Amino acid sequence: VWSGYEVVLDRMSAACETWVRQFKEINIYSDFYPEGTKEILQEKANPTKLVFIELGDCSQRWFANPWTRAQPRFLKAMEHMYRANTSKKWYFFCDDDSFPIMRNLMKEISEFNYLDSKVLGHFYCAWPEVVYGRNHNDQCLNFAQGGAGVAITRKYFSRIVDNLTACNNKYTAALY
């Protein structure tokens, strides 16, 4: 789950009291955790084990608002998740305000072969600032994004993992 220090206690409290309990273990990625947050969330999530990963400041420059400051966290979190768990068949990521239902998630991914290079989620068309030099109306760079969550197979991850840091650094560069 992706979150941020500004909202992690509020948003993850609601999640820990509801959907988080469907899962044995949940990783929560945030830049930082305010004092006492980890203990409060773990108590609310029992019996689910929460793993708290602090990413630090992932941006290389100042961003205008909390939403844009949050974007550089995603690729760093994804890389960490894969490298720490390379034997998993599937990886599932969602925002801190998502509400996944485990049985629906398991049903959905069971319809696909985890040995294929696959990304499941809602795909969006990247905006012109990201697809530099392309006419946004004619060409589109599709990407799966947050919302209801994104599921990625191990094979797909193995293809992209070595590019995530460079991609993140490029995204947070001044011209992107």
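Below is a summary of the structure that appears in this document. (Residues numbered from 1 in each chain as written. Predicted model: local features only at pLDDT ≥ 70, side-chain atom pairs only at ≥ 80, totals over all residues. Heavy atoms only, no water.)

**A closer look at the side chain of Asp96**
Link 1 in the chain: Summarising the element assignment, Asp96 is placed in the loop between β3 (90-93) and α4 (102-110).
Link 2 in the chain: Side chain to side chain, Asp96 and Arg11 meet in a polar contact 2.8 Å long.
Link 3 in the chain: Excluding its chain neighbours within four sequence positions, the residues that come into contact with Asp96 are Val1, Trp2, Ser3, Gly4, Val7, Arg11 and Met12. (Helix = DSSP H or I, 4+ residues; strand = E, 2+ residues; numbered from the N terminus. Polar contact = N/O pair within 3.5 Å; in protein donor to acceptor, adjacent residues only side chain to side chain. Contact = heavy atoms within 4.5 Å.)

**Comments concerning helix α2 (residues 37-45)**
Link 1 in the chain: For α2, the complete set of buried residues consists of Thr37, Leu41 and Ala45. What you see down the axis of α2 is that its buried residues fit within an arc of 55°, all on one side. Summarising the geometry of α2, the exposed residues directed more than 90 degrees from the buried face are Glu39 and Glu43.
Link 2 in the chain: Contacts made by the buried residues of α2 are with α1 (8-16) and β2 (49-54). (Buried < 20%, exposed > 50% of the residue type's maximum accessible area, 1.4 Å probe, protein only. Arc of directions from axis to C-beta.)

**As for the layout of surface pockets**
Link 1 in the chain: By volume, the second largest pocket is sized at about 840 Å³.
Link 2 in the chain: Taken together, 25 residues line the second largest pocket, and the ones lying closest to its centre are Phe23, Glu25, Trp90, Tyr91 and Phe92.
Link 3 in the chain: Per-class residue counts for the lining of the second largest pocket are 18 nonpolar, 3 polar and 4 charged. (1 Å grid on protein atoms, 1.4 Å probe; cavity = no way out; pocket = protein on both sides within 12 Å on 5 of 7 lines; lining within 4 Å. Points joined across faces, edges and corners; volume = space filled by probe spheres on them. Nonpolar A, V, L, I, M, F, W, Y, C, P; charged D, E, K, R; others polar.)

Take it as geometry only, folks, not as evidence of what the structure does.
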